Amino acid sequence: MTLKERVRSILLQLPSNVELLAVGKGRTPEEILEAVNAGVAAVGENYIKDARDARSVVGTRVEWHYIGRLRSHDVRASNLSLFDMIESVDTLELAARIDEKCTPTGRVMPILVEVNSGREPQKAGVWPEQTEALVRQIAALKCVRVAGLMTMGPLMVAREAYRPCFAETRRLFLDIGRMAIPGVSMEKLSMGTSDSYEVAIEEGANVVRLGTVLFGPR
Ligand SMILES: *Cc1c(COP(=O)(O)O)cnc(C)c1O
């Protein structure tokens, strides 16, 4: 199958309430453009430079999401302006820095709180039991809006091993949503990569982040 055919077949396969975020990691701007021409409406990037390069070719007809590790010195207004959403916020410090850089521009940045649902010490994300507290702290910031949760799940496990991690993240998503915390709207539940998106959708994901199944192996 060509890239275009793979994109179309994934789009047909996804339930209508599930959004596809095409992950651009390791792909050229031209490949990303080809995916966009085949119907991709949102692109996730792990690196600022990649996002800048791809955005200069593809433009703003798609949404750009940041999904990587955001280091403090990368949190600058010029970098934040590249993105419609930051999906990988896992500390108050990082959220506060985004808030600080957005404040002079008057922009409110939608963010997702990343949950370490696999409970792996070396992995990014807030511990599941600390998620509510972090959401409440971030909600107090004026120029950041919590729009949902994101998780990777454990690394290199059998497909079924993702299920309890995604199920727990979904419970958090629903529980925190019911709390109706001012400044929080639990809209997006971003879970699942090429290895795990089917299980993620069964467990309630409404955003899946796919690289390999669209573009081939990296
Ligand atoms: C690379 C990456 C993905 C996509 O992984 P694939 O296995 O290529 O689908 C999704 N989310 C994040 C945060 C990533 O870094």
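Scroll up to find the structure this text is about.
The structure contained in this document is the topic of the report that follows. (Residues numbered from 1 in each chain as written. Predicted model: local features only at pLDDT ≥ 70, side-chain atom pairs only at ≥ 80, totals over all residues. Heavy atoms only, no water.)

## With respect to the pattern of salt bridges
And then number 1: Taken as a whole and assessed by the stated rule, the structure comprises 16 salt bridges.
And then number 2: A salt bridge links R119 to E168, with the shortest nitrogen-to-oxygen separation between them at 2.9 Å. Residue R119 is found in the loop between β5 (109-115) and α6 (131-139), and its partner E168 is found in helix α7 (residues 163-178); the two are separated by 49 residues along the sequence.
And then number 3: A residue is classified by how much of its surface remains accessible, and R119, at 33% relative accessible area, is partly exposed.
And then number 4: Among the residues examined, E168 registers a relative accessible area of 21% and is labelled partly exposed.
And then number 5: In this structure, a network of salt bridges that share partners links the residues E160, R163, E202 and E203. (Salt bridge = Lys/Arg side-chain N within 4 Å of Asp/Glu carboxyl O. Helix = DSSP H or I, 4+ residues; strand = E, 2+ residues; numbered from the N terminus. Buried < 20%, exposed > 50% of the residue type's maximum accessible area, 1.4 Å probe, protein only.)

## With respect to the packing of aromatic side chains
And then number 1: On inspection of all chains with the given rule, the structure shows two aromatic pairs.
And then number 2: The interplanar angle of 70° and the centroid separation of 5.2 Å between the aromatic rings of Y66 and F83 together place this pair among those described as edge-to-face. Taken together, the residues Y66 in strand β3 (residues 63-66) and F83 in the loop between α4 (77-80) and β4 (85-89) connect sequence positions 17 residues apart.
And then number 3: Y66 sits in the buried class, given a relative accessible area of 2%.
And then number 4: A ring pair is formed by Y162 and F166, whose centres lie 5.6 Å apart and whose planes are at 10°; its orientation type is stacked. (Phe/Tyr/Trp six-rings, centres within 6.5 Å; stacked < 30°, edge-to-face > 60°.)

## A closer look at the site of the ligand
And then number 1: All residues in the neighbourhood of the ligand are listed as V23, K25, N46, I67, M152, T193, S194, R209, L210, G211, T212 and R218.
And then number 2: One of the side-chain nitrogen or oxygen atoms of S194 is found 2.5 Å away from an oxygen atom of the ligand.
And then number 3: Between the ligand and the protein, one listed contact pairs an oxygen atom with a side-chain N or O atom of T212 at 2.7 Å.
And then number 4: In the complex, 91% of the free accessible area of the ligand, which totals 390 Å², lies under the protein chains.
And then number 5: Here the residues of the shell around the ligand are counted per class, giving four nonpolar, five polar and three charged. (Near = heavy atom within 4 Å. Polar contact = N/O pair within 3.5 Å; in protein donor to acceptor, adjacent residues only side chain to side chain. Areas by Shrake-Rupley, 256 points an atom, 1.4 Å probe, with all protein chains shown as cover. Nonpolar A, V, L, I, M, F, W, Y, C, P; charged D, E, K, R; others polar.)

## A closer look at helix α2 (residues 29-37)
One full turn of an α-helix is made of 3.6 residues, so residues set three or four places apart face in the same direction.
And then number 1: For α2, the complete set of buried residues consists of P29, I32, A35 and V36. Taken down its axis, α2 places every buried residue within 120° of arc, on the same side.
And then number 2: The inward-facing, buried residues of α2 contact α1 (3-13), β2 (42-45), α3 (48-58), β3 and α9 (212-215).
And then number 3: Just beyond α2, the residue with positive phi is G39, at close to 125°. (Arc of directions from axis to C-beta. Contact = heavy atoms within 4.5 Å.)

## Focus: unusual backbone geometry
And then number 1: With a phi close to 50°, R119 is a non-glycine residue in the positive phi region.
And then number 2: Although it is not a glycine, A180 adopts a positive phi angle of roughly 50°.
And then number 3: Examined against the element boundaries, A180 turns out to sit in the loop between α7 and β7 (184-191).

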